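Now for the letters of each chain:
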2 protein chains.
Amino acid sequence: MVTRLSQSDPGFEEDFRALLGAKREVSEDVEAVARGIIDDVRQRGDAALIAYTSKFDRLDLASATLRISDDDFAAAERDVPGDALDALKFAKARIEAFHSRQMPADDRYTDDLGVELGLRWTAIEAVGLYVPGGTAAYPSSVLMNAVPAKVAGVERVVLTVPTPDGVINPLVLVAARLAGVDEVYRIGGAQAVAALAYGTETIRPVAKIVGPGNAYVAAAKRLVFGQVGIDMIAGPSEVLVVADGDNDPDWIAADLLAQAEHDTAAQSILVTDSPDLADRVIAAVERQLTTLPRGEIAAASWRDNGAIILVGSLAAAMELSNRLAPEHLELAVAEPEALLVRVRNAGSVFLGRHTPEAIGDYVGGPNHVLPTARSARFSSGLSVHDFIKRTTLLKLGPEQLRALGPAAITLAETEGLGAHARSVSIRMNR
Amino acid sequence: MVTRLSQSDPGFEEDFRALLGAKREVSEDVEAVARGIIDDVRQRGDAALIAYTSKFDRLDLASATLRISDDDFAAAERDVPGDALDALKFAKARIEAFHSRQMPADDRYTDDLGVELGLRWTAIEAVGLYVPGGTAAYPSSVLMNAVPAKVAGVERVVLTVPTPDGVINPLVLVAARLAGVDEVYRIGGAQAVAALAYGTETIRPVAKIVGPGNAYVAAAKRLVFGQVGIDMIAGPSEVLVVADGDNDPDWIAADLLAQAEHDTAAQSILVTDSPDLADRVIAAVERQLTTLPRGEIAAASWRDNGAIILVGSLAAAMELSNRLAPEHLELAVAEPEALLVRVRNAGSVFLGRHTPEAIGDYVGGPNHVLPTARSARFSSGLSVHDFIKRTTLLKLGPEQLRALGPAAITLAETEGLGAHARSVSIRMNR
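As recorded in an unreviewed UniProt entry, chain A goes by the name Histidinol dehydrogenase, listed as coming from Bauldia litoralis. In the Function (unreviewed entry) part of its UniProt record, chain A is described as follows: "Catalyzes the sequential NAD-dependent oxidations of L-histidinol to L-histidinaldehyde and then to L-histidine."

Student: If you had to explain the packing of helix H10 (residues 249–260) of chain A against helix H12 (residues 295–305) of chain A to someone new, which residues and values would you point to?
Tutor: Helix-helix packing is characterised by the crossing angle of the two axes and by the distance between the axes. Residues and elements named next belong to chain A. Here H10 crosses H12 at 100°, and the two axes come no closer than 8 Å. The orientation of H10 relative to H12 falls into the category roughly perpendicular. Residue-level inspection shows Leu256, Leu257 and Ala260 of H10 in contact with H12, the latter providing Ile297, Ala298, Ser301 and Trp302.

Student: Let's hear about the interface of chain A and chain B: which residues, and what values?
Tutor: Listed as interface residues are 119 residues of chain A and, on the opposing side, 122 residues of chain B. Of the roughly 10,400 Å² buried where chain A meets chain B, counting both sides, 56% is carbon and sulfur surface. Three residues stand out in chain A for area buried against chain B, namely A:Arg344, A:Phe378 and A:Arg427, and they jointly supply 8% of the buried area on that side. The residue inventory of the side of chain A that touches chain B, partitioned by class, reads 58 nonpolar, 32 polar and 29 charged.

Student: Describe the relation of the copies chain A and chain B, with residues and values.
Tutor: Expressed as a screw transformation, the operator carrying chain A onto chain B has a rotation angle of 180° and an axial translation of 0.0 Å, and the superposed copies differ by an RMSD of 0.0 Å. Classification of the inter-copy transformation places it as that of a two-fold axis. The C-alpha atom lying nearest the rotation axis in chain A is that of A:Pro104; the distance is 4.1 Å. When the interface residues of chain A are mapped onto chain B, 100% of them are again interface residues, pointing to one common binding face.

Student: Describe the UniProt feature "binding site: NAD(+)" (unreviewed entry) in chain A, naming the residues involved and giving the relevant values.
Tutor: Residue and element names in this part refer to chain A. If you check UniProt for "binding site: NAD(+)" (unreviewed entry), the listed places come out as Tyr130, Gln191 and Asn214 in our numbering. These annotated residues cover 85 residues of sequence, and their C-alpha atoms lie no more than 12.7 Å from one another, placing them together at a single site. Classification of glutamine 191 by relative accessible area gives buried; the value is 2%. Discounting residues that sit within four places of it in the chain, glutamine 191 has contacts with Ile37, Val41, Leu49, Tyr52 and Phe56. Of the polar contacts made by the side chain of glutamine 191, one reaches the backbone oxygen of glycine 188; its length is 3.0 Å. Its place among the elements puts asparagine 214 in the loop between strand S7 (208–210) and helix H9 (215–224).

Student: Give a description of the UniProt feature "binding site: substrate" (unreviewed entry) in chain A that names residues and reports values.
Tutor: Per the UniProt record, the feature "binding site: substrate" (unreviewed entry) sits at A:Ser237, A:Gln259, A:His262, A:His328, A:Asp361, A:Glu415 and A:His420. Over a stretch of 184 residues, the named residues are scattered through the fold, their C-alpha atoms separated by up to 55.8 Å. As for its position among the elements, A:Ser237 is in the loop between strand S8 (229–230) and strand S9 (238–243). Under the relative-accessibility criterion, A:Ser237 is labelled buried at 15%. Ignoring sequence-local partners within four residues, the contact set of A:Ser237 consists of A:Arg24, A:Gln259, A:His262, A:Ala266, A:Gln267, A:Glu327 and A:His328. A polar atom in the side chain of A:Ser237 sits 2.3 Å from the side chain of A:Gln259. Its place among the elements puts A:Asp361 in helix H15 (residues 357–362). Judged by relative accessible area, A:Asp361 falls into the buried class, the value being 7%. With residues near it in sequence (within four places) discarded, A:Asp361 still touches A:Ser140, A:Met144, A:His262, A:His328, A:His368 and B:His420.

Conventions used here
Residues numbered from 1 in each chain as written. Chains lettered and ligands numbered in written order. Predicted model: local features only at pLDDT ≥ 70, side-chain atom pairs only at ≥ 80, totals over all residues. Heavy atoms only, no water. UniProt positions renumbered as here; feature names shortened; annotations may be inferred. Axes fitted to C-alpha atoms, helices over the stretch in contact; angles between N-to-C directions. Helix = DSSP H or I, 4+ residues; strand = E, 2+ residues; numbered from the N terminus. Parallel < 35°, antiparallel > 145°, perpendicular 65-115°, else oblique. Contact = heavy atoms within 4.5 Å. Buried area = accessible area lost by both parts, 1.4 Å probe. Nonpolar A, V, L, I, M, F, W, Y, C, P; charged D, E, K, R; others polar. Least-squares fit on C-alpha atoms with pLDDT ≥ 70 in both. Buried < 20%, exposed > 50% of the residue type's maximum accessible area, 1.4 Å probe, protein only. Polar contact = N/O pair within 3.5 Å; in protein donor to acceptor, adjacent residues only side chain to side chain.

As C-alpha cells, then:
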C-alpha cells in the first residue's frame, strides 16, 4: 500500500519530515575500485582502456577501433526508423531553440569615477559526455546534454558510451550526430571518465565531464573533480503532482507511473485537496500497473517511495512543495499561474492539465537533467550556463588609481598585507 | 632562485608542463575527523558545538552566547577606526554596484506552436558564510561573499566565525553588518559547517554554505554536500603577470609579491618578452622582500612556486596564459585590449599598468573569490549566480499536446518507457 498522509492528522509534521529525510538511494562504496582504474588509465593509457573494455564489456578493441567510425554512424543511420529520426530532429530543434535564449551577454561599462569594468563569457574548450550503455542509453539524454554544450559554443564535445558485447543503440549515435558531437568512443565505466579527464594516446583530455552513470562512474567523476569540472551527481528521479479535484484520475495515475517506471528508487508524490481524487488515483494506479511493460519496477517504486498527501488547500500544497523541492512539479489545477507565483524550490514546472511531465523529458524544450533529492533548494537544471564561464574585467588609469587607491591601502594594512598596499601605493605618484 | 623558463629552450614544453602539473597544496587527510564532528553535532546539537568550541577555541559558551549580540556589534563598531570603516563602506558600495548588474531576468514566451515556455530565477532561501578565525579573518572576504548573496535576494545570511580565546576581529563584525548579514555565530571548524547544514536548537539550517576555511572545513563542506549546496573548494592564490619591456620593474615586483605574501603555497608568475625586464624584476623582488612584514612567507612562495617565463611575443604569452588558466591575470602592456581578446581561460583580468591586482582584492567591484589551480578552464568566480537558481516552465493546451505528443510517444517507446508514452497518449483525445 502506498503511503498516505493527511495534513489534518496530528502526527502530520513528523510524518512529512520522515518523507523529506528518507534516503532512497543505496550508496555503494566503490571509490577504491574507481581510484585503481583511474590510476591505471593515467599510467597505461589506451592499453588500460582496451584491457578494461575486454574485461567489463567482453569486447576486444585496439587503439584504432576505440573511436566510432563514419561507417558505424552510417550503419546506425540505416538502422533507425524514419519516425524515430524525425522525432529526434523535432526534439533537437526544440531543445536548441529553448537553450539559445539562455546565452548571457558580455558586459562592459565605465563607472562615474572613470573605472572600466565588465565581464566576458567564454565557452569551455572541450567537454566530455558520459552515456550509459545497455537499456539506460537514452538518446534523449544525449540531446539534453550535447545540445546546450554546442549552443554554448563548446568546440569539442566528446561522447563515451560502453558497448557491452559490441552492441550499441543506434539511436544514441544518431542523436550524437544530430547534436553535433565531435568524437564518440566505445568505452564506459571509470576508465572512460579517466580517459576524458587525463587523456590517452588516442583521446585528448577535456575540461569538464557531464552525464549520468552508475556508481563507478559517479565515484570516478568525484575523484577527477578538480582536474576537470563535473556536473551534479544525479539521484533517482522524482515528481510531485499538485492536483485539484477536477482531474481525470487516470491522467494523474499515468503521470505518477511515468516517474515510477524509471527506477524502483524513483519517487512519485500526489498532493491534493480532494480525498475523492486521492482514492480514485490509487485505484487507477493499481489498474494501470497491470498493463505496463515496466510494471514491476513501477509497482515497487510506488509501493516503497510513492505518497499521497491530503491538504486543506492548494496554498498549503505549495508550502509542502517548496519544502520537498521536487525535481519535477506538475500543477494540474484550473489556474496553475496562481500557484506558480508561490513556487520557490523546483527544478521544472509543468503547468495545467495538458502538460504531462513526459513531454518535458523529450520535446518540451527545457532540459530534462534536473536537480534531485531536494537539491532544487540550491541548484538548477543543466543549461547553457554549465558550459560557459565568466571572466571579470577591471581597468584603471592613473586618475582612477588615485581615487580607489587609498581605500585599498587602508584595507590591505588592516589585513596585514604589506605587499598588497605597496603594489597600490608605488603607482599612486605617477 | 626563482624558476626561469624560456620558450626558445629546447626543453621548454616539458618544463612548462611540469609547471602546469605542479601540486602546490599538501592535502591533509582529515575526513574521518570531520565526519566524527559532523555526526556529533547532528546528534547533540548545541551541546556538541559548545564542547568543540571549548576544546578548539578555548572559549566557554552556552546556547545563549553562541550568537554574537547587538552589544558585541556595538563594541566592534567603537573599535574600528574611521578610515577603515569608510574604506569598508566604499568597498561595499562598489561590490554591490558591480554585482547588481549580474541579476538575470526571468523569461516567458510563447513559441510558434502556442507552447508557453520560460524560466524563473529565485534566490536561495538561506545561506551560510564560513569565515576563518585569527589572522585569516579578512573583512574583505566577508563583503565579497555576503554582498552578492544579499544582491541575489537571499533572505537569511548566516555567518560563522571562530573566536579563539574569545578574540574576534571587529572589522569582520562591521563588514558583516554593512553587508546585511542577518545572524553571526562564534563557532568554527567542521562543527560550524555541521550546524549550518543540519541545524541545532539555536541555529536553523541553511541551504548552501560558502566561504574559505582550513582542511577540516573543506572536508566538512565536501561531506555535507548534497544535504546543502557548497561553493568551490579554493586552493592557494595565484597571479600571472604578462608584461612588456616598458614596465617599471618595481611595480611588477610589488604585484608578484602581493600574491606571494598570502601563503607559501601561493604562486606568482611573470611572462614577458623582455629579458632585461625579467632580470630587473628578479632584482626588485629581492630588494622589496627585505622590507615586507610578511617577507618570509613571500620569499618561500617566490622561491618554491614563482616563475619567470621568457616568450618570443606577447601573442605567445597569451597561449601560455590560456593553458595556465590563472586565477588573476594582469596585462601590464601598452595595449591590453589587444591581448584581452585572446584571453580564453582566466578568473579575472586586470588591464593596463595602473591596475594592480590588489585593487581587485578590495575595491574594484568584481569578486575576489576566483577559480584557482587551473579551474578557470571550466568554472567562474563567485557571483550573484551562486545564490540564485533557475526553474524552467512548460505549459501546453490540448492543441499543443496534439502537436508535440506524437514525437514524445515515439521517443518514449524507443526508450521502452510505456508509462511515459501513456501519460501523453491518454490526454491526446481530449
